[in-house]
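Survey of secondary and tertiary structure
Chain by chain, the residues run as shown.
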Amino acid sequence: MSAPSIPIPQPKPSPLLGNLPDMTRGGAESLVDLARAYGPIFRLQLPGRELVVVSSQELVNELCDEKRFDKKVHAALRQVREFTGDGLFTAETQEPNWGRAHRILMPAFGPAALRDMFDAMLDIAEQCA
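Read on for an overview of the structure.

Okay, the overall build of the protein chain next. Looking only at helices and strands, the protein chain has five helices and two strands in total. In the protein chain, the succession of α and β elements from N to C terminus is α-β-β-α-α-α-α. In terms of principal-axis extent, the alpha carbons of the protein chain reach across some 45 × 45 × 30 Å. Across the protein chain, contacts joining residues at least 24 apart in sequence account for 29% of those joining residues at least 6 apart. For the protein chain, the accessible surface area stands at approximately 10200 Å², while carbon and sulfur atoms represent 61% of it.

Encoded structure:
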């Protein structure tokens, strides 16, 4: 027997703009406000897309646990796979080439590499503000 599912909280969307009016302060500040109001996970409807926002380290750790999730190769990538073969983006999780590519690329996106990129990312973010 599985645990009962609980709906992800969401501010009431307007018919045309969805939750865009809830983004009153813009960008990250609005997301912080919404996280305070709706908790560490909430859903937003924006024109043309739906988002699930996670704001706690505990939930981020759950979502990043590779042992619990499987990669899905969608139709467009299946077509690419027909002429490129199986690689990082076109291989199924259990295929050897996905594992090889994943191990090669992971150090470039691990905590140490991201720490080295932080100052540049902060500079760019400040320039965009």
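With 14 residues, helix α4 (residues 96-109) extends 20 Å from end C-alpha to end C-alpha; this agrees with the ideal 20 Å at 1.5 Å per step. At R103, α4 is deflected by roughly 25°, the largest bend along its length, and proline P107 occurs up to four residues later in sequence. Within the span of α4, buried status applies to W98, G99, A101 and H102.

To continue, consider the pattern of salt bridges. Under the definition given, this model contains five salt bridges. Salt-bridge contacts for R78 lead to E92; the nearest nitrogen and oxygen are separated by 2.4 Å. Here E92 lies in the loop between α3 (75-84) and α4 and R78 lies in helix α3, a separation of 14 residues in the sequence. On the basis of relative accessibility, which here comes to 38%, the residue R78 falls in the partly exposed class. Look at the salt bridges and you will find they share partners, linking R25, D33 and R36 into a network.

Definitions and cut-offs
- Residues numbered from 1 in each chain as written.
- Predicted model: local features only at pLDDT ≥ 70, side-chain atom pairs only at ≥ 80, totals over all residues.
- Heavy atoms only, no water.
- Helix = DSSP H or I, 4+ residues; strand = E, 2+ residues; numbered from the N terminus.
- Contact = heavy atoms within 4.5 Å.
- Areas by Shrake-Rupley, 256 points an atom, 1.4 Å probe, with all protein chains shown as cover.
- Expected span 1.5 Å × (residues − 1).
- Bend = angle between axes of the 7 residues up to and from the residue.
- Buried < 20%, exposed > 50% of the residue type's maximum accessible area, 1.4 Å probe, protein only.
- Salt bridge = Lys/Arg side-chain N within 4 Å of Asp/Glu carboxyl O.

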